[in-house]
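Listed below, chain by chain, are the residues.
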Amino acid sequence: MTPPTGFKDHRAASAQGAAPANPDRAERSRFSLTVNGQERTLDVDHRTTLLDALREHLHLTGTKKGCDHGQCGACTVTVNGRRMNSCLSLAVMHEGDEIRTIEGIGTPDNLDPMQAAFLQHDAFQCGYCTPGQICSAKAVIEEIREGIPSHVTGDLTAGLEMSDAEIRERMSGNICRCGAYSNILAAITAVAEERG
Ligand code: FES
Ligand code: FES
């Protein structure tokens, strides 16, 4: 039978004396990255997303899988300080990177100010979107402080304000099926104001 175009026929390669590629190793890599301040080593298939590497290989299940298609923001983590949908990025691309997940942001006994504000402002119901919301919210405050413009930023020479419109726009990639948006906005605004 003629193999389809692009299909590597290992039997033909062997018959010609070439060693067939090891199908188990050819598509894997071993590499290290830093997760929540700790160096971790992964040995994963190249097709493994950062989200699956965190959840299935490193057992950090705080980061959630909502859509697995870059549409909900439940999987948001930060990579070298910038937020990212971890379901859209391959783990193997992150050798040497610094990843921070919700497990690296406060603890139940020592909450991060953003976590405390979410509690205080009742900014969640089921909580499924919350790890992603919190990772995103912390990064949003930094983005505005650094003057990184968004779609709703008007005069780029006037400096950025921590306005409701800026926060809403920047959080628009984090979907909450429970509809806690107004309380999420209140929590983020409270943290931004606390920090002055
Ligand atoms: S799970 Fe990544 S954006 Fe929805
Ligand atoms: S709190 Fe339920 S999805 Fe946001």
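Residues numbered from 1 in each chain as written. Chains lettered and ligands numbered in written order. Predicted model: local features only at pLDDT ≥ 70, side-chain atom pairs only at ≥ 80, totals over all residues. Heavy atoms only, no water.

> Explain the sheet that holds strand β4 (residues 82–85) to me, using residue names and the numbers behind them.
Taking strand neighbours across the sheet as the criterion, the 5 strands line up as β2-β1-β5-β3-β4 in an open arrangement whose pairing is mixed. Every interior strand has two partners, whereas the edge strands, β2 (38–45) and β4, have only one. The mean inter-strand angle of the sheet, taken between neighbouring strand axes irrespective of direction, is 40 degrees. Here strand β1 (residues 28–35) runs beside β2; their pairing, made up of 8 bridges, is antiparallel. Note on β2: the bridge partner recorded for Ser-32 is Thr-41. Packed on one face of the sheet, helix α4 (residues 130–145) meets β3 (76–79) and β4 and runs near 45 degrees to β3. (Pairing = 2+ DSSP bridges. Helix = DSSP H or I, 4+ residues; strand = E, 2+ residues; numbered from the N terminus. Axes fitted to C-alpha atoms, helices over the stretch in contact; angles between N-to-C directions. Contact = heavy atoms within 4.5 Å.)

> Which residues make up the packing of helix α3 (residues 113–120) against α4, and what are the values?
Here α3 crosses α4 at 120 degrees, and the two axes come no closer than 10 Å. As judged from the angle between their axes, α3 and α4 are oblique. Where α3 crosses over α4, the two elements pack in a sense that is right-handed. Judged by residue contacts, Met-114, Gln-115 and Phe-118 of α3 engage Thr-130, Gln-133, Ile-134, Ala-137, Lys-138 and Ile-141 from α4. Tallied by class, the residues present in the contact of α3 with α4 amount to 5 nonpolar, 3 polar and 1 charged. (Parallel < 35°, antiparallel > 145°, perpendicular 65-115°, else oblique. Left-handed = near helix turned anticlockwise from the far one by under 90°. Nonpolar A, V, L, I, M, F, W, Y, C, P; charged D, E, K, R; others polar.)

> How would you explain helix α2 (residues 50–57) if you had to name every residue and give the values?
For α2, the full list of buried residues reads Leu-50, Leu-51, Asp-52, Ala-53 and Leu-54. Next to the buried residues of α2 lie β1, β2, β3 and β5 (98–100). In the stretch just after α2, His-59 is the one whose phi turns positive, near 60 degrees. (Buried < 20%, exposed > 50% of the residue type's maximum accessible area, 1.4 Å probe, protein only.)

> Now, about the pairing of β4: what can you tell me, with residues and values included?
Examined bridge by bridge, β3 and β4 share 4 bridges and lie antiparallel to one another. Bridge assignment links Thr-78 to a residue of β4, and that residue is Arg-83.

> Account for the packing of α3 against helix α6 (residues 181–194), with residues named and values stated.
Taken N-terminus to C-terminus, the directions of α3 and α6 make an angle of 135 degrees; their axes are 8 Å apart at the nearest point. Taken together, the axis directions place α3 and α6 in an arrangement best described as oblique. α3 and α6 meet at a crossing whose hand is right-handed. Where α3 abuts α6, its residues Pro-113, Met-114, Ala-117 and Phe-118 lie against Ile-184, Ala-187, Ile-188, Val-191 and Glu-194. A per-class count over the contact of α3 with α6 returns 8 nonpolar, no polar and 1 charged.

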